[in-house]
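Working through the structure, step by step
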Amino acid sequence: EPEVTQTPSHQVTQMGQEVILRCVPISNHLYFYWYRQILGQKVEFLVSFYNNEISEKSEIFDDQFSVERPDGSNFTLKIRSTKLEDSAMYFCASSERGWGLAYNEQFFGPGTRLTVL
Amino acid sequence: GQQVMQIPQYQHVQEGEDFTTYCNSSTTLSNIQWYKQRPGGHPVFLIQLVKSGEVKKQKRLTFQFGEAKKNSSLHITATQTTDVGTYFCAVYMDSNYQLIWGAGTKLIIKP
């Protein structure tokens, strides 16, 4: 069964460093998302991406964050200068369609646990 | 911003007892989705509801969407250890691309 994959599973970094989290969405999916989840808390939307551009972003997704689809398979989240409060689990998700259409359920990857020291 | 309220935060049950989680919104919803997250795992899509008064069943799970489309519930009959995890509701609000999540209800089976 196709699945979303994410690497690395755990990333430890120093405050102020740049990190890139990588995701490979399901191959026939057209919509891609990043979420974060601070331990024990709810899932927070960061950004959605469609047709090679950001379709929507939340207030959390400030200038420190960027996303890219550098090739036909990878989808990356970059945090330019990490802060302590960026420590969280970051989930990538993809869906075949967007809201309003069938097959819009989102499939999540296993997540990358980011720890900022 | 818009929010969806989910209660309770936790529910402790004996195995075999029922479990229910509720999501409420002050505004009319166009849809609601439910996800399950096992401990240490990632959210997994369960179902989407779009119609007023809709009821859908998946084995021991029953999902309801209120007549006014402002609330929804997930009910699990006769819980099993495999049901342990956190159940989240999520809705698309104000846009087609941003999924807003409830705080989740953690199902805990008492030993």
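**Thoughts on the state of the cysteines**
Across all of its chains, the model carries two disulfides over all chains by this definition. The disulfide partner of A:Cys23 is A:Cys92, and the S-S distance across this bridge is 1.9 Å. Between A:Cys23 and A:Cys92, the disulfide has an S-S torsion of -60° and is therefore left-handed. Here the residue A:Cys23 occupies a position in strand E3 (residues 19-24), and A:Cys92 occupies one in strand E9 (residues 88-95), the gap between them amounting to 69 residues. Of the two residues, A:Cys23 and A:Cys92, neither departs from the other in class, the shared state being buried. Here B:Cys23 is linked by a disulfide to B:Cys89, with a sulfur-sulfur distance of 1.8 Å. What sets the handedness of the B:Cys23 and B:Cys89 disulfide is the S-S torsion sign, and at about -90° it is left-handed.

**Notes on the interface of chain A and chain B**
On the side of chain B, 21 residues touch chain A, which itself brings 21 residues to the contact. For the pair chain A and chain B, the summed buried surface comes to about 1900 Å²; carbon and sulfur atoms form 57% of the total. Where chain A meets chain B, there are zero salt bridges. Our count for the contact surface shared by chain A and chain B stands at four residue pairs in polar contact (both at pLDDT 80 or more).

**Details of the sheet that holds strand E8 (residues 71-76) of chain B**
All names here are of chain B. Strand order in the open sheet formed by five strands is E1-E3-E8-E7-E6, with antiparallel pairing between adjacent strands. Two strands close off the open sheet at either side, each with one partner strand: strand E1 (5-7) and strand E6 (55-58). On average, each strand axis in the sheet is inclined to that of its neighbour by 15°, with strand direction left out of account. As paired strands, E6 and strand E7 (residues 61-65) are joined by four bridges and run antiparallel to one another. Paired with Lys 56 across the bridge in E7 is Phe 63.

**Side note on the packing of aromatic side chains**
Tallying each qualifying case throughout the model produces 16 aromatic pairs over all chains. Aromatic pair B:Phe88 and B:Trp101: ring centres 5.8 Å apart, planes at 75°, arrangement edge-to-face. Residue B:Phe88 is found in strand E9 (residues 85-92), and its partner B:Trp101 is found in strand E10 (residues 99-101); the two are separated by 13 residues along the sequence. Per residue, the accessibility class of B:Phe88 equals that of B:Trp101, and both read buried. One aromatic cluster is present, formed by A:Tyr33, A:Tyr35, A:Phe45, A:Phe91, A:Phe108, B:Tyr35, B:Phe45, B:Phe88 and B:Trp101 through successive ring pairs.

**What to know about the pairing of strand E11 (residues 105-109) of chain B**
Residue and element names in this part refer to chain B. The alternating pattern of E11 places Thr 105, Leu 107 and Ile 109 on a buried face and Lys 106 and Ile 108 on a face that is not buried. Sheet topology note: the strand E2 (residues 10-13)/E11 ladder contains four bridges and is parallel. By the bridge assignment for E11, Val 13 is matched with Ile 109. Where E9 and E11 come together, three bridges link them in antiparallel fashion. Looking at E11, one finds that Thr 86 is bridged to Lys 106.

**Quick look at unusual backbone geometry**
Between A:Thr7 and the following residue, A:Pro8, the backbone shows a cis peptide bond with an omega angle of -10°. Topologically, A:Pro8 is positioned in the loop between strand E1 (5-7) and strand E2 (10-13). The amide bond that connects B:Ile7 to the next residue, B:Pro8, takes the cis arrangement and shows omega of -10°. Tracing the sequence through the fold places B:Pro8 in the loop between E1 and E2. A positive phi angle, near 55°, is found at B:Lys69, a position not held by glycine. At B:Ala78, a residue that is not glycine, the phi angle is positive and equals roughly 50°. Mapped onto the elements of the fold, B:Ala78 is located in the loop between E8 and E9.

**Focus on the side chain of B:Glu54**
All names here are of chain B. By the element assignment, Glu 54 lies in the loop between strand E5 (43-49) and E6. Of the polar contacts made by the side chain of Glu 54, one reaches the backbone nitrogen of Lys 51; its length is 2.9 Å. Once residues within four sequence positions are removed from consideration, Glu 54 is found in contact with Leu 49, Phe 63, Gln 64 and Phe 65.

Parameters at a glance
- Within each chain, residues carry numbers counting from 1 in the order of the written sequence.
- Whichever chain is written first is A, and whichever ligand is written first is 1; the rest continue in order.
- For a predicted model such as this one, the threshold for reporting local features is a pLDDT of at least 70, and the threshold for listing and counting side-chain atom pairs is 80 or more; totals across whole chains, interfaces and linings nevertheless cover every residue.
- Values shown for side chains rest on all heavy atoms present in the structure; no hydrogens or waters enter the calculation.
- The term disulfide is used for any two cysteine sulfur atoms that are within 2.5 Å.
- For helices the rule is a DSSP run of H or I covering at least 4 residues; for strands it is a run of E covering at least 2, with both sets numbered from the N terminus onward.
- Exposed residues in this analysis have more than 50% of their type's maximum accessible area, buried residues have under 20%, and partly exposed residues fall in between, with area computed by a 1.4 Å probe over protein chains only.
- Contacts are residue-level and defined by heavy atoms, with any inter-residue pair within 4.5 Å sufficient.
- Summed over both partners, the accessible area (1.4 Å probe) lost when two parts come together is defined as the buried area.
- Any Lys or Arg side-chain nitrogen located within 4 Å of an Asp or Glu carboxyl oxygen qualifies as a salt bridge.
- Within 3.5 Å is the distance limit for a polar contact, defined as a pair of N or O atoms, with the added protein rule that one can donate a hydrogen and the other accept it, and that residues adjacent in sequence qualify only through two side-chain atoms.
- One requirement defines pairing of two strands: DSSP has to find at least two bridges between them.
- Only the stretch in contact is used when a helix axis is fitted, and all axes are lines through C-alpha atoms; the angle between N-to-C directions ranges over 0 to 180 degrees.
- Side-chain rings of Phe, Tyr and Trp (the six-membered ring for Trp) are treated as a pair once their centres are within 6.5 Å; stacked means planes under 30 degrees apart, edge-to-face means over 60, and tilted covers the remaining angles.

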